[in-house]
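Each chain, written out:
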Amino acid sequence: MMADLGGPQPREEMAAKVRRDAEQAAADLAWFKMIVPDPATPEVVAGTVTLWSHHTDDGPISEIGWMVLPRFQGQGLGKRAVRMLLARARDESRWGVVHAFPATSNAASNGICRSVGFRFVSETDVAFAGRVFRTNHWSVDPGTDLA
Ligand SMILES: CC(C)(COP(=O)(O)OP(=O)(O)OC[C@H]1O[C@@H](n2cnc3c(N)ncnc32)[C@H](O)[C@@H]1OP(=O)(O)O)[C@@H](O)C(=O)NCCC(=O)NCCS
């Protein structure tokens, strides 16, 4: 799961991270959505897709990220979930242009960007969890670009 994200995160930091995420979701500051493949079994969760905004040296940006558990990968769920969340952003006129920064080596994530309608911007270095990654910067305007 974390191969393209620098490996597992420290277990002892997870409770605080989930608490922060839950607080942000409750305050509607970010969208943290679980991917439920079959509405008849809502307890079966395949992964998450998240949309949030944060500050960069170039100002505030909206960013999207995603994860699909290994046994659910390669079935189109990631692509469908990302497309659904971007369609919601479009329908609610929220978030503006949305950016994604998958590692250059992350074939499946770059595949999602390519097939959902993102445009390639440039290669760029991004810091995540104390490490620097070479990433592909992609952006999409959900109002006009969704494939
Ligand atoms: C990245 C990830 C979310 C992809 O989810 P998924 O549900 O397996 O992806 P999908 O089945 O929806 O495939 C999306 C696209 O990528 C392509 N793809 C999927 N796996 C691929 C692979 N291993 N190599 C090349 N292309 C791949 C698919 O063909 C599809 O493109 P298409 O529509 O043109 O056919 C999943 O692999 C994952 O969670 N990885 C670990 C965590 C991670 O890296 N998160 C992202 C950080 S940016």
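Preceding this paragraph is the structure being described.
These lines cover the structure that appears in this document, whether it is placed above or below. Computed from a predicted structure; not experimentally measured.

1. Considering helix α3 (residues 107–116)
Note that an α-helix has 3.6 residues per turn; residues three or four places apart therefore point the same way.
Right, so step 1: Of all the positions in α3, only Ser109, Asn110, Ile112, Cys113 and Val116 are classed as buried. For α3, the buried positions fall inside an angular range of 150° around the axis, keeping them on one side. Within α3, the exposed residues directed more than 90 degrees away from the buried face are Ala107, Ala108 and Arg114.
Right, so step 2: Summarising the contacts, the buried residues of α3 are in contact with β3 (59–68), α2 (77–91), β4 (98–100) and β6 (131–140).
Right, so step 3: At the exit of α3 stands glycine 117, carrying a positive phi of roughly 120°.

2. Topic: helix α1 (residues 14–26)
Right, so step 1: With 13 residues, α1 extends 18 Å between its outermost C-alpha atoms, agreeing within 8% with the 18 Å of an ideal straight helix rising 1.5 Å per residue.
Right, so step 2: Count one or two residues on from α1 and you reach aspartate 28, which has phi positive near 55°.

3. Description of the layout of surface pockets
Right, so step 1: Computed from the structure, the second largest pocket encloses a volume of approximately 340 Å³.
Right, so step 2: Lining the second largest pocket are 14 residues, with Met34, Ile35, Val36, Ala81 and Met84 sitting closest to its centre.
Right, so step 3: Secondary-structure elements contributing two or more residues to the lining of the second largest pocket are β1 (31–35) and α2.
Right, so step 4: Considering each element in turn, the lining of the second largest pocket owes the most residues, six residues, to α2.
Right, so step 5: Taken together, the residues that form the lining of the second largest pocket break down as ten nonpolar, no polar and four charged.

Cut-off values and rules
Residues numbered from 1 in each chain as written. Predicted model: local features only at pLDDT ≥ 70, side-chain atom pairs only at ≥ 80, totals over all residues. Heavy atoms only, no water. Buried < 20%, exposed > 50% of the residue type's maximum accessible area, 1.4 Å probe, protein only. Helix = DSSP H or I, 4+ residues; strand = E, 2+ residues; numbered from the N terminus. Arc of directions from axis to C-beta. Contact = heavy atoms within 4.5 Å. Expected span 1.5 Å × (residues − 1). 1 Å grid on protein atoms, 1.4 Å probe; cavity = no way out; pocket = protein on both sides within 12 Å on 5 of 7 lines; lining within 4 Å. Points joined across faces, edges and corners; volume = space filled by probe spheres on them. Nonpolar A, V, L, I, M, F, W, Y, C, P; charged D, E, K, R; others polar.

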